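# An overview of the molecular structure
Take a look at the letters that make up each chain.
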Amino acid sequence: MIDVLVQDAIHDYLHHISVVDQKAVTSVQAYERDLRIYQAFLNQRQLLHIADISYLDVQDFISEQRQVKKSNSVNRMISTLHNFHHFISYTYPNEPDPSVFAKSKKDGQKLPKYFNDHDILIMLDDFGNSDQELFEHAILELLYSCGLRVSECCNLTMNQLHLDQGFLRVIGKGDKERMIPIHERAVTVLRDYLELVRPHWQKKRLPNVFINHLGHPLTRQYVHTLIKQKLKKLNLDESLSAHSFRHSFATHLLDGGADLRVVQELLGHSDIKTTQIYTHIQNKRLKEAYASFHPRADKGKQEE
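The paragraphs below set out a description of the structure included in this document. What you are looking at is a predicted structure, and each value in this text was computed from that prediction instead of being measured. Every chain's residues receive numbers from 1 upward, in the order its sequence appears when written. Per-residue local features are limited, in this predicted model, to residues with pLDDT of at least 70; the limit for side-chain atom pairs, both in listing and counting, is 80 or more; totals at the level of whole chains, interfaces and linings are taken over all residues. As a convention, hydrogens and water are excluded, and side-chain values are obtained from all of the structure's heavy atoms.

Turning to the overall build of the chain, a few remarks are in order. For the chain, the helix and strand inventory stands at 15 helices and three strands. Looking at the chain as a whole, 43% of its 304 residues are labelled buried. Restricting the contact set of the chain to residue pairs at least 6 apart, pairs at least 24 apart contribute 58%. Per-residue and other accessible areas follow the Shrake-Rupley method at a 1.4 Å probe size, with only the shown protein chains counted as cover for residues. As displayed, the chain has an accessible area near 17,600 Å², and 51% of this comes from carbon and sulfur atoms. In summary, the charge assignment counts Lys and Arg as positive and Asp and Glu as negative, without counting His or the chain termini. Here the site of a charge means NZ on Lys, CZ on Arg, CG on Asp, or CD on Glu. When the 38 basic and 38 acidic side-chain charges of the chain are each reduced to a single mean position, those positions are 2 Å apart. Strands here are runs of E lasting at least two residues and helices are runs of H or I lasting at least four, both read from the DSSP assignment and numbered beginning at the N terminus. Categorising residues by exposure relies on relative accessible area from a 1.4 Å probe, with only protein chains included: less than 20% of the type maximum marks a residue as buried, more than 50% marks it as exposed, and the intermediate range marks it as partly exposed. In what follows, a contact means two residues having at least one pair of non-hydrogen atoms within 4.5 Å.

What follows is the structure, encoded as structure tokens:
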């Protein structure tokens, strides 16, 4: 058995995934958040050394997390524990892995929320010509036009814009680059912001495309708040979110006949299985259309 403190093991693991595995900063931060919660649980039980942690301790921790977190968050936490303890067992071969029996809970696949064609137009057309509205309009147009993650939008820099060619160069998860076409309407709105607003707001020479009136970079919280306020103002479904723009981008492309592999590349998904969730939306629509219009369909059951 080894005599390694939990806090030292966490430090070594975070250093490893940052320097050796070269994971993205946001990924390392997510791992650290999970492991600090785990460490606090272990501290409460006075389990300060790795060798003190048993299979039951890990199971108790997961059970506690299930009471306060959603399944997706717990599953991510379990993945973090597996990776962390696997690293420790690999580094110290005589140390057993107490997370080996921890299993993710598989819920029914939850379909992503997305805007219908009508509501996305209402959302994007509700802007005037003030500096603030040009700024906000450009953000939402870009999210929908290019299917960006909110973090990708916030971190977008001027040298990633190729508006004359109609492309963005995006740095996604794992620092993977992808080129995304940007349609003419979004280019027009973005140029208006860049030429009429950004020069007046820029206090320092920041590379970020989106800076607010104080000259500070755009934050994810601002984007989420902006969208929630817009949804409420326009009387739209308030369960929609910033990520719904990305879901809408993918869904509307597939509805228009785009190939799934193309959508996968545009979204920056490393695994086609992640993209395939959008085909479930299409299948659901087909079934609803069939049930509504086919003369042999059981319409009564559909209405229940």
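Now that the structure is up, let's keep going.
A separate point is unusual backbone geometry. At Gln22, a position not held by glycine, the phi torsion is positive, near 55°. When you line up the elements, Gln22 lands in the loop between α1 (6-20) and α2 (25-44). Exposure remark for Gln22: the relative accessible area of 58% places this residue in the exposed category. The phi angle at Gln46 is positive, at roughly 60°, despite the residue not being glycine. As for its position among the elements, Gln46 is in the loop between α2 and α3 (55-68).

The next thing to look at is α3. Between its terminal C-alpha atoms α3 stretches 21 Å, which fits the 20 Å expected from 14 residues at 1.5 Å a residue. Taken together, the buried positions of α3 are Asp57, Val58, Phe61, Ile62 and Gln65. All buried residues of α3 fall inside an arc of 135° around its axis, so they share one side. Away from its buried face by more than 90 degrees, α3 exposes Leu56 and Gln67. Looking at the buried positions of α3, the neighbouring elements they touch are α2 and α4 (71-91). Here a helix's expected span is defined as the number of its residues, less one, multiplied by 1.5 Å. Taking the helix axis as origin, the arc is that swept by the directions to the C-beta atoms.

Coordinates in, geometry out; function isn't part of it.
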